Amino acid sequence: MHTPHTRTARRNTRSVRIAVIAVGLTLTAIPVTAYAGAPTHPAVHQQTAVVQHAAAATGLDDPAKKEIAMQLVSSAENSSLNWKSQYKYIEDIDDDRGYTAGIIGFCSGTGDMLDLVELYTERKPDNVLAKYLPALRKVNGTPSHSGLDPNFTKDWAKAASDSAFKKAQDDERDRVYFNPAVKQGKADGIGTLGQFAYYDAIVMHGDGGDSTSFSSIRKRALAKAKPPAQGGNEVTYLNAFLDARVWAMQQEEAHSDTSRVDTAQRVFLKKGNLNLNPPLDWKVYGDSYHIG
């Protein structure tokens, strides 16, 4: 099991800015069957479609909410809401995990970058990164760049223009991070905000066996409060989870700035916005963001 950690946004080098991106919530029309012989006004169709869509949109895996999740994570990881511009991102941030890259911070030293390039190569054998697989296998578990320099970063950026590589990043993000977080969140009976808190935690801490992994954070929270699935109060449980998350972040200097919890997730929780409904306003590392 890998324990990937992602990049910490560069801070104290930028002036505070407001990033505004409107997230459109598109409602899909759902056919309504009227009673036999009874006329149905178009407005009734529309209202019923809205109700049915709202009933279906119960978690972070709703497309509109997933887009919000991607932007929230990107604000912390890349100081930008434009997460789709991060496929080409790559650098060594000196956290002993080698290169950190892509939309979710795949690391050469933690195995998830290797998994990604292997998937990409299975789907497209002649890709520009395939030649680095032997080196990625050797540096796994270390901060080394051996066999990767000097052209790996250039080739990564080149691969990022390939739709197949973008799709591979999306799929690995979902398989390793997003889907497990949402699945566990739904099992615990927590809503969209709670599922996001799980997702953001597993993105940063991974789900290995160490004391700061996602599973360990959740276990620490469960010792303090019960989730709704066990009869507990959702707000109380999420506060316990965020407390445990902050503790885990403070165990490592690279993650010691806890603003992605304190001035983002905790803000939404205090407002009772358990469904992560926009408008959303938050700060990370002192930078202000808005989703309308």
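Residues numbered from 1 in each chain as written. Predicted model: local features only at pLDDT ≥ 70, side-chain atom pairs only at ≥ 80, totals over all residues. Heavy atoms only, no water.

Engineer: Which parts of the structure should I look at to understand the packing of aromatic side chains?
Structural biologist: Remark: the centre distance and the inter-plane angle together describe each pair of aromatic rings, the angle taken between the planes. Applying the stated rule across the entire model yields 13 aromatic pairs. Centroid distance Y99 to F152: 5.9 Å. Interplanar angle 40 degrees. Geometry classified as tilted. Remark: F152 occurs in helix α5 (residues 152-159) and Y99 occurs in strand β3 (residues 99-101); sequence separation between them is 53 residues. As far as burial versus exposure is concerned, Y99 and F152 are alike and both buried. Between W282 and Y289, the ring centres sit 5.7 Å apart and the planes meet at 20 degrees, which makes this aromatic pair stacked. Here W282 and Y289 have matching classes, each one buried. Taken together, the ring pairs connect Y99, Y120, Y132, F152, W156 and F165 into an aromatic cluster. Across the ring face of F178, the terminal group of K66 is positioned such that the distance to the ring centre comes to 4.6 Å. Positioned over the ring face of W247 is R220, at 3.6 Å from the centre of the ring. (Phe/Tyr/Trp six-rings, centres within 6.5 Å; stacked < 30°, edge-to-face > 60°. Helix = DSSP H or I, 4+ residues; strand = E, 2+ residues; numbered from the N terminus. Buried < 20%, exposed > 50% of the residue type's maximum accessible area, 1.4 Å probe, protein only. Lys NZ or Arg CZ within 6 Å of the ring centre and 35° of its normal.)

Engineer: Would you mind showing me how to read the environment of E252 here?
Structural biologist: Note on placement: E252 falls in the loop between α9 (234-250) and α10 (259-270). Given a relative accessible area of 24%, E252 falls into the partly exposed group. Residues E252 and T212 lie 40 residues apart in sequence; the distance between their C-alpha atoms is 9.3 Å. Of note is the side chain of E252, whose polar atom sits 2.8 Å from the side chain of R97. (Polar contact = N/O pair within 3.5 Å; in protein donor to acceptor, adjacent residues only side chain to side chain.)

Engineer: Sorry, what's going on with the side chain of T212 here?
Structural biologist: The topology assignment puts T212 in the loop between α7 (192-205) and α8 (214-222). For T212, a relative accessible area of 12% corresponds to the buried category. Side-chain polar atoms of T212 contact the side chain of D210, separated by 2.7 Å. Dropping the residues within four chain positions of it, T212 is found in contact with H205, I217, W247, A248 and Q251. (Contact = heavy atoms within 4.5 Å.)

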